[in-house]
Amino acid sequence: MSIKDITIVITSFKSENKIRSCLNSIDSNCSVINVENSNNEEYKTKIESDFKNVKCILSGGNNGYGKGNNIALNKIKTKYALILNPDAELLTNSINNFLKIAKLEPDFSMIVPSTLDNKKNLNKHELASENNLSNHLISIDTKTLKKVRGHALFLNLNKFRDIGFFDENIFFFLEETDLAMRLLKNKKKIYYYEPIIIYHEGGKSHQNKINHEMEISRNWHWMWSTFYYNK
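Report on the accompanying structure. Because the structure is predicted, anything quoted here is derived from the model rather than measured. (Residues numbered from 1 in each chain as written. Predicted model: local features only at pLDDT ≥ 70, side-chain atom pairs only at ≥ 80, totals over all residues. Heavy atoms only, no water.)

## Focus on the pattern of salt bridges
Alright, step 1. A complete count under the given rule lists 8 salt bridges for this structure.
Alright, step 2. Between Lys 46 and Glu 42 there is a salt bridge whose closest N-O contact spans 3.2 Å. Placement of the pair is Lys 46 and Glu 42 together in helix H2 (residues 41-50), with a separation of 4 residues, close to one helical turn.
Alright, step 3. Take Lys 46: its relative accessible area is 44%, and that puts it in the partly exposed class. (Salt bridge = Lys/Arg side-chain N within 4 Å of Asp/Glu carboxyl O. Helix = DSSP H or I, 4+ residues; strand = E, 2+ residues; numbered from the N terminus. Buried < 20%, exposed > 50% of the residue type's maximum accessible area, 1.4 Å probe, protein only.)

Written as structure tokens, this is what we have:
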């Protein structure tokens with residue numbers, strides 16, 4: 001089991017500047033599929049030129065987060081996928097620890113890492129060693145679904161063959177909660193693992209000039225997704 005068994009999936013929308021920090025945090029030997037929710041050929045050319053391990057797919061328009069991820073997930077040939085937001089960054093040993101847990105608990109469907117929203121706190125966190133990985137695994141159930149956050153999810157792709165990936169009726173918000181709920185209903189195992197820390201700035205994946213547009217969009221989709229998910 002190695003880094004070659006993982007494909008990283010990043011769905012972006014006007015994330016030209018922010019996504020570069022994310023891509024720089026990824027080992028250049030790891031395959032990445034970036035689904036850009038636009039038809040921006042210039043963006044695709046620059047990303048693929050600057051990052052040789054990245055294949056950029058232009059979806060043609062803003063199809064939403066779940067559908068963007070699905071485009072990539074349905075093309076992957078590796079055993080595992082790691083979904084990342086454009087404003088998330090990996091730590092040095094993030095990938096290795098995901099792989100170690102996959103070896104310890106091969107029957108998992110999803111592994112959820114913990115989140116750090118302030119880079120200044122990085123040095124305060126002591127990352128797990130190989131010897132105590134299993135001591136920190138927490139099983140996710142319907143009462144702890146809030147721990148599942150869509151900016152970083154490690155997927156065992158074989159476990160999704162019978163249930164599919166994200167519900168494309170959900171444009172944005174709660175798509176990860178819906179997916180986790182379907183996994184649990186099908187008796188599949190989800191684990192939260194605190195010592196794997198992913199930095200996530202949050203709400204900063206797009207260009208600043210569209211902040212107002214994005215805020216209006218978020219408010220609308222939060223209400224619609226909440227209604228759809230609960231219904």
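## Let's talk about helix H3 (residues 65-73)
Alright, step 1. Most of H3 is tucked away, with 7 of its 9 residues classed as buried.
Alright, step 2. For H3, every residue scored as buried is listed here: Tyr 65, Gly 66, Gly 68, Asn 69, Asn 70, Ala 72 and Leu 73.
Alright, step 3. On the buried face of H3, the contacting elements are strand E1 (6-12), strand E2 (31-36), strand E4 (80-84), strand E8 (152-156) and helix H5 (175-185). (Contact = heavy atoms within 4.5 Å.)

## Here we look at the nonpolar core
Alright, step 1. Core analysis: the biggest nonpolar cluster contains 34 residues, and Ile 8, Ile 26 and Leu 84 have the highest contact counts within it.
Alright, step 2. Ignoring any residue separated from it by four or fewer positions in sequence, one finds Leu 84 in contact with Ile 8, Val 9, Ile 10, Thr 11, Cys 22, Ile 26, Tyr 65, Leu 90, His 151, Ala 152 and Ile 198.
Alright, step 3. Ranked by size, the runner-up nonpolar core spans 29 residues in total, among them Phe 166, Ala 180, Ile 190 and Tyr 192. (Core = buried A, V, L, I, M, F, W, Y, C linked by side-chain atoms within 4.5 Å.)

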